[in-house]
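Here is how the chains run, residue by residue.
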Amino acid sequence: MSPNYIRTFSEGCLRPPTVIGQFHTLFFGSIRMFFLGVLGFAVYGNEALHFSCDPDKREVNLFCYNQFRPITPQVFWALQLVIVLVPGAFFHLYAACKSIKQEDILQKSSYTGFYIFSVFLRIVLEVVAFWLQIQLFGFKVNAIYMCDVGALEKKFNITRCMVPEHFEKTIFLIAMYTFTVITVILCVAEIFEISCRRLGFLKTQ
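Attention here is on the structure that accompanies the text.

Cut-offs applied
- Residues numbered from 1 in each chain as written.
- Predicted model: local features only at pLDDT ≥ 70, side-chain atom pairs only at ≥ 80, totals over all residues.
- Heavy atoms only, no water.
- Helix = DSSP H or I, 4+ residues; strand = E, 2+ residues; numbered from the N terminus.
- Buried < 20%, exposed > 50% of the residue type's maximum accessible area, 1.4 Å probe, protein only.
- Contact = heavy atoms within 4.5 Å.
- Areas by Shrake-Rupley, 256 points an atom, 1.4 Å probe, with all protein chains shown as cover.
- Salt bridge = Lys/Arg side-chain N within 4 Å of Asp/Glu carboxyl O.
- Polar contact = N/O pair within 3.5 Å; in protein donor to acceptor, adjacent residues only side chain to side chain.
- Axes fitted to C-alpha atoms, helices over the stretch in contact; angles between N-to-C directions.
- Parallel < 35°, antiparallel > 145°, perpendicular 65-115°, else oblique.
- Phe/Tyr/Trp six-rings, centres within 6.5 Å; stacked < 30°, edge-to-face > 60°.
- Pairing = 2+ DSSP bridges.
- Patch = residues over 30% accessible without salt bridge, like charges linked within 9 Å, V, L, I, M, F, W, Y side chains within 5 Å.

**Digging into the overall build of the chain**
- Within the chain one finds eight helices and three strands.
- For the chain, the succession of helices and strands along the chain, N to C, is α-α-α-β-α-α-α-α-β-β-α.
- Here the chain holds 205 residues, and the buried ones make up 38% of them.
- Residue pairs at least 24 apart in sequence account for 75% of intrachain contacts in the chain once pairs closer than 6 positions are excluded.
- Approximately 11900 Å² of the chain is accessible, and the part contributed by carbon and sulfur atoms is 68%.

**Structural notes on the pattern of salt bridges**
- Taken as a whole and assessed by the stated rule, the structure comprises six salt bridges.
- As a salt-bridge pair, Arg 122 and Glu 190 come within 3.7 Å of each other at their nearest N and O atoms. Placement of Arg 122 in helix 7 (residues 109–137) and of Glu 190 in helix 8 (residues 166–199) is noted, with a sequence separation of 68 residues between them. Glu 190 matches Arg 122 in its accessibility class, with the two residues each being buried.

**A short note on the side chain of Glu 126**
- Turning to its location among the elements, Glu 126 is positioned in helix 7.
- Looking at Glu 126, its side chain comes within polar contact range of the side chain of Arg 32, at 3.0 Å.
- Among the polar contacts made by the side chain of Glu 126, one reaches the side chain of Gln 80 at a distance of 2.8 Å.

**Concerning the packing of helix 2 (residues 19–44) against helix 8**
- Contact geometry for helix 2 and helix 8: axes closest at 10 Å, N-to-C directions at 170°. One way to sum up the angle between helix 2 and helix 8 is to call them roughly antiparallel.

**Observations regarding the packing of aromatic side chains**
- What the rule picks out here adds up to 16 aromatic pairs.
- Between Tyr 44 and Trp 77, the aromatic rings sit 5.8 Å apart at their centres with planes inclined by 70°, giving edge-to-face as the arrangement. Highlighted residues: Tyr 44 in helix 2 and Trp 77 in helix 5 (residues 73–97), separated in sequence by 33 residues.
- Exposure remark for Tyr 44: the relative accessible area of 2% places this residue in the buried category.
- Ring geometry for Tyr 44 and Phe 172: centres 5.7 Å apart, planes at 80°, overall edge-to-face. Of this pair, Tyr 44 sits in helix 2 while Phe 172 sits in helix 8, and the two are 128 residues apart along the sequence.
- Given the relative accessible area of 3%, Phe 172 is considered buried.

**Some words on the pairing of strand 3 (residues 158–162)**
- Here strand 3 shows a buried face lined by Thr 159 and Cys 161 and an unburied face lined by Ile 158, Arg 160 and Met 162.
- In terms of strand pairing, strand 1 (residues 52–53) meets strand 3 through two bridges, oriented antiparallel. Across the sheet, residue Cys 53 finds its bridge partner in strand 3, namely Cys 161.
- Looking at chain direction, strand 2 (residues 144–148) and strand 3 are connected through five bridges and run antiparallel. By the bridge assignment for strand 3, Asp 148 is matched with Ile 158.

**Overview of a nonpolar patch on the surface**
- The grouping of Phe 117, Phe 120, Leu 121, Val 124, Val 128, Trp 131, Leu 132 and Leu 136 at the surface amounts to a nonpolar patch, some 700 Å² of accessible area in total.
- The residue Leu 132 is located in helix 7 in this model.
- Since its relative accessible area comes to 33%, Leu 132 is described here as partly exposed.

**Some details on unusual backbone geometry**
- Going from Asp 54 to Pro 55, the amide bond is cis rather than trans, its omega being 10°.
- Residue placement: Pro 55 occurs in the loop between strand 1 and helix 4 (58–68).
- The backbone of Glu 165 sits at a positive phi, close to 45°, despite the residue not being glycine.
- Its place among the elements puts Glu 165 in the loop between strand 3 and helix 8.

**What to know about the sheet that holds strand 3**
- The strand order across the open sheet built from three strands is 1-3-2, with neighbouring strands paired in antiparallel fashion. With one partner strand each, in any of the chains shown, strand 1 and strand 2 form the two edges of the open sheet.
- Sheet strands touched by helix 4: strand 1, strand 2 and strand 3. Its angle to strand 2, the strand with the most contacts, is close to 105°.

Given below as structure tokens:
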């Protein structure tokens, strides 16, 4: 791929053809990544080390933590961010290969339709991620987790585990849900903006 294509691709990713798309990419996307990268590490970074059960033995703690967290929230949210970027990245890669200018995307129906499809696919992926987050983490982190340790062949089947900083994690969970909802709203608003431009209610950029 020539440097021209790479430059066009990067410009397309950083400067989508709509005002709302640019806001979402440059402002909200940056805040979301900063929130996850910095605060997410602060809240969840040492969770496994401070997760303790009764009896406080390494094998019990590790077994119960893996049961409590089938996937760590940081990994899940990082995957979510990467996956929801794929449709837009694929479109802008296509635009770069076809030498499509940003100002032409909303002028031709075929380009517009393809771009709207990429935004709609982003909405679908965000909704799926929202549902998966509910299934994996719920809406609240409790201070006590009841762990089933029957598979360890202990004298007891259920043990109590202490979850560190559970209130902070609950706040962080709600924040990540909020980010997902705002992203979906912005995507819907972007489709609405595109429709208004195509119908002539808004001037093209």
